[in-house]
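Residues per chain are reported as follows:
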Amino acid sequence: MDKLGINLGFLISQLVNFTLLAALLTVLLYKPILNMLNQRRERIAKSMADVDAARESAAKAQLEYDRKIAEAQRKAQEIIAQAAQAGDKVGVEIKAEAQREADLIRQKARLEGEQEKAHLLADVQSQIAGLSMAATERVLGQGLDPKMQRQLIDGFLAELGKTQP
Amino acid sequence: MLKKLFTVRNLVILLLVVALFVISGLLGLKVPSPVVSLAAEPILHIGPVTITNSLLTAWIVMIVLILLAFFATRRMPKDLSKATNQELVPNGLQNFMEMVVEALHNMAEDIGGHWTPRFFPIVATIFLFVLVSNWMGLLPGFGSIGLLEHPHAASQAGYVAKGIILTGVEAAPAEGEHAATTEGEAATTEHAEGAGYIVVPFFRPPSTDLNFTIALGLMVVALSQYFGVKALGPGYFRKFFDISGFKKGAFDGIVGLFVSILELISEIARILSFGFRLFGNVFAGEVLLGVMAFLIPYIASLPFYGLEVFVGFIQAAVFMMLALVFFAMATVGHGSEEHH
């Protein structure tokens, strides 16, 4: 034992050394560091959970946003369609009105034209009758019976009017 | 990485170092043969208390570890729950020590399970204490700076000392001649001692002192008994005195008893195996380095330094793992199928 250097006193002092060191290191090193590691692990877990929650709510918000956008787009489309429809209707109405008015105007114009034409025709007829009467008077030197003459001319004119288109 | 190593500056440094070795070899500066002393040498006497160099070094190791612990935890906030996240960010030494402690804790947890809080401080301290003490022995000055004393046995070779430096020149055996007692030591017991001087180092790694290694072994074995009793109650000791086999017959009983006695012996042998494994490895490493330096001075011991760094780590890890395993084994019930 002596040659090996084993000595109870030194052995015990080394044991005491170890115990002291273990106690000191427990207080100074292991406990603080393990606490630190635990605390950090907890915080990391918490922040990871926070991140997950945030991501989830962001996804939810995105979904909501998308839904709202789609809704708005749908509504806008609807409104546009409605407006277009209304516009079309108004256009059709206006067109119909215009058509109607145009028809009316055209009809009136035609009526007036016809009236004018008849009037003119009658005028012309009477003038032609007057002229032809005057001509015959000049040719014959004497007047025919005005009543007969007029009958003749009217018959001629009527015949003329028939041949005309 | 490799590119950075091969710079002109590094090349010059390498050349200078090699030149230094060559020149010192040419000048014939030799290293004295190491003094192989199994026992740690006393270096201080304070009244009745003797202090050996390994005890002194153990205290230095403890101081180093405690300073390390102090500086690693210095920046930690006092109240963790109220600290900001920014204050929990580790840096430098704290980061490193956290890594070490976490690695040890994970290992202890893998083996110790729910006993980890009890095992961990012990095995981690074993690891750190042994590791630092192993590696301390590799520092320059350990084993080489010390008191000059005359050899303790006449058969030992002493060396000529020039001033305070021990040379590699062997002193002539000089019986009866009164050697110079410049160190003021050993004037009275001259005759029992050899001529010349040897170095009694101030520092000797504790793991090269059997007192330290056996103390650790004893402690581990005693604690494993403690944990066994704590886990299993007095029934723990049944494995050392197993007479349950007698229920099955005399033969089974005798076999059981024999096995349990073997168990007891193996438990006691563990103290020695623990102590001598660590002692043997580290002590042999120190001797190897000394002998290599003696045989081929200066450069030949370099590769062995690398080896000793490795061995020092492995021995610390082995000591810790074995302690953990023995603790864990003591806490589980001793089934008949369990063998060693």
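Residues numbered from 1 in each chain as written. Chains lettered and ligands numbered in written order. Predicted model: local features only at pLDDT ≥ 70, side-chain atom pairs only at ≥ 80, totals over all residues.

Draft legend 1. How the structure looks around the overall build of chain A. Along chain A, the regular secondary structure elements total two helices and zero strands. Relative to its length of 165 residues, chain A is extended, with a C-alpha radius of gyration of 62 Å against a globular reference of 15 Å. Counting only C-alpha atoms and orienting by the principal axes, one finds that chain A spans roughly 195 × 25 × 20 Å. Taken across its 165 residues, chain A has 7% of its residues classed as buried. (Helix = DSSP H or I, 4+ residues; strand = E, 2+ residues; numbered from the N terminus. Rg over C-alpha atoms; globule rule 2.2 N^0.38 Å. Buried ≥ 20, exposed ≤ 12 C-beta atoms within 10 Å, placed from the backbone.)

Draft legend 2. Geometry of the overall build of chain B. Along its length, chain B carries eight helices and six strands. Tracing chain B from N to C terminus, the helices and strands come up as α-α-β-β-α-α-α-β-β-β-β-α-α-α. Intrachain contacts of chain B at a sequence separation of at least 6 include 72% that bridge at least 24 residues. (Contact = placed C-beta atoms within 7 Å.)

Draft legend 3. Main features of the pairing of strand β1 (residues 42–46) of chain B. Sheet topology note: the β1 of chain B/strand β2 (residues 49–52) of chain B ladder contains four bridges and is antiparallel. What sits directly across from P42 of chain B, in β2 of chain B, is T52 of chain B. (Pairing = 2+ DSSP bridges.)

Draft legend 4. Layout of the nonpolar core. Core analysis: the largest hydrophobic core is formed by 59 residues, its most contacted members being L65, V123, I126, F127, F129 and A323 of chain B. Listing elements by their share of this core, those giving two or more residues are α1 (8–140) of chain A together with α3 (53–73), α4 (92–112), α5 (116–136), α6 (210–232), α7 (250–295) and α8 (302–331) of chain B. The biggest single contributor to this core is α5 of chain B, with 13 residues. If we skip the residues at most four places from it in the chain, A323 of chain B touches V123, I126 and V220 of chain B. (Core = buried A, V, L, I, M, F, W, Y, C linked by C-beta atoms within 7 Å.)

Draft legend 5. Fine view of the packing of α1 of chain A against α6 of chain B. For the pair α1 of chain A and α6 of chain B, the least separation of the axes is 8 Å and the interaxial angle reads 60 degrees. Viewed along their axes, α1 of chain A and α6 of chain B form a crossing whose handedness is right-handed. Side by side, α1 of chain A and α6 of chain B meet where F10, L11, Q14, L15 and F18 of chain A of the first sit next to N211, F212, I214, A215, L216 and M219 of chain B of the second. Here the residues of the contact of α1 of chain A with α6 of chain B sort into nine nonpolar, two polar and no charged. (Axes fitted to C-alpha atoms, helices over the stretch in contact; angles between N-to-C directions. Left-handed = near helix turned anticlockwise from the far one by under 90°. Nonpolar A, V, L, I, M, F, W, Y, C, P; charged D, E, K, R; others polar.)

Draft legend 6. The arrangement of the packing of α3 of chain B against α5 of chain B in detail. Residue and element names in this part refer to chain B. Here α3 crosses α5 at 115 degrees, and the two axes come no closer than 10 Å. The element α3 and its partner α5 pack so that their crossing is right-handed. Across the interface between the two elements, T57, A58, V61, V64 and L65 of α3 pack against L128, F129, V132, S133 and M136 of α5. When grouped by side-chain class, the residues that make up the contact of α3 with α5 number eight nonpolar, two polar and no charged.

Draft legend 7. A look at the interface of chain B and chain A. The interface of chain B with chain A comprises 38 residues on the first partner and 29 residues on the second. Within the residue set of the side of chain B that touches chain A, elements represented by two or more residues are α3, α4, α5 and α6 of chain B. If you tally residues by element for the side of chain B that touches chain A, the top one is α3 of chain B, at nine residues. Class assignment for the residues of the side of chain B that touches chain A results in 29 nonpolar, six polar and three charged.

Draft legend 8. Quick look at α5 of chain B. With 21 residues, α5 of chain B should cover 30 Å at 1.5 Å per step; its first-to-last C-alpha distance of 29 Å lies within 8% of that length. Summarising burial for α5 of chain B: 16 of the 21 residues are buried, a large majority. (Expected span 1.5 Å × (residues − 1).)

Draft legend 9. Geometry of the environment of G196 of chain B. All names here are of chain B. Mapping G196 onto the fold places it in the loop between β5 (165–170) and β6 (198–201). For G196, a count of 24 C-beta atoms within 10 Å puts it in the buried group. In the structure, G196 is positioned 71 residues away from T125 in sequence and 42 Å away in space, judged by C-alpha atoms.

Draft legend 10. Local environment of α4 of chain B. In this model α4 of chain B runs 30 Å from its N-terminal to its C-terminal C-alpha over 21 residues, within 8% of the 30 Å that 1.5 Å per residue would give. Residues of α4 of chain B that are buried: M97, E98, V101, L104, H105, A108 and G112 of chain B. Buried residues of α4 of chain B, seen end-on, are gathered within an arc of 140 degrees and therefore sit on one face of the element. Away from its buried face by more than 90 degrees, α4 of chain B exposes G92, N95, M99, A103, N106 and D110 of chain B. In this fold, the buried residues of α4 of chain B make contact with α1 of chain A together with α3, α5 and α8 of chain B. Positive backbone phi, at 60 degrees, marks G113 of chain B, one or two positions downstream of α4 of chain B. (Arc of directions from axis to C-beta.)

Draft legend 11. Focus on the environment of A40 of chain B. On the secondary structure map, A40 of chain B appears in the loop between α2 (8–26) and β1. Along the chain, A40 of chain B and P205 of chain B lie 165 residues apart, while their C-alpha atoms are 9.5 Å from each other. Among all residues touching A40 of chain B, those that are not within four sequence positions of it are G5 of chain A together with T52, N53, S54, R204, D209 and N211 of chain B.

Draft legend 12. View of the confidence of the model for chain B. All names here are of chain B. Mean pLDDT over chain B: 80, with 82% of residues reaching 70 or higher. A low-confidence stretch, residues 174–192 stays under pLDDT 50, and its non-local contacts, those more than four residues away or across chains, total 14 contacts. Two numbers describe this predicted complex: its pTM, 0.71, and its ipTM, 0.75. (pLDDT = per-residue confidence, 0-100.)

Draft legend 13. Spatial organisation of the environment of I43 of chain B. Residues and elements named next belong to chain B. Summarising the element assignment, I43 is placed in strand β1. Note on I43: 20 C-beta atoms within 10 Å, which makes it buried. For the pair I43 and L55, spaced twelve residues apart in the sequence, the C-alpha separation amounts to 9.9 Å. Setting aside residues up to four positions removed in sequence, I43 forms contacts with I51, T52, N53, L56, L147, V200 and F202.

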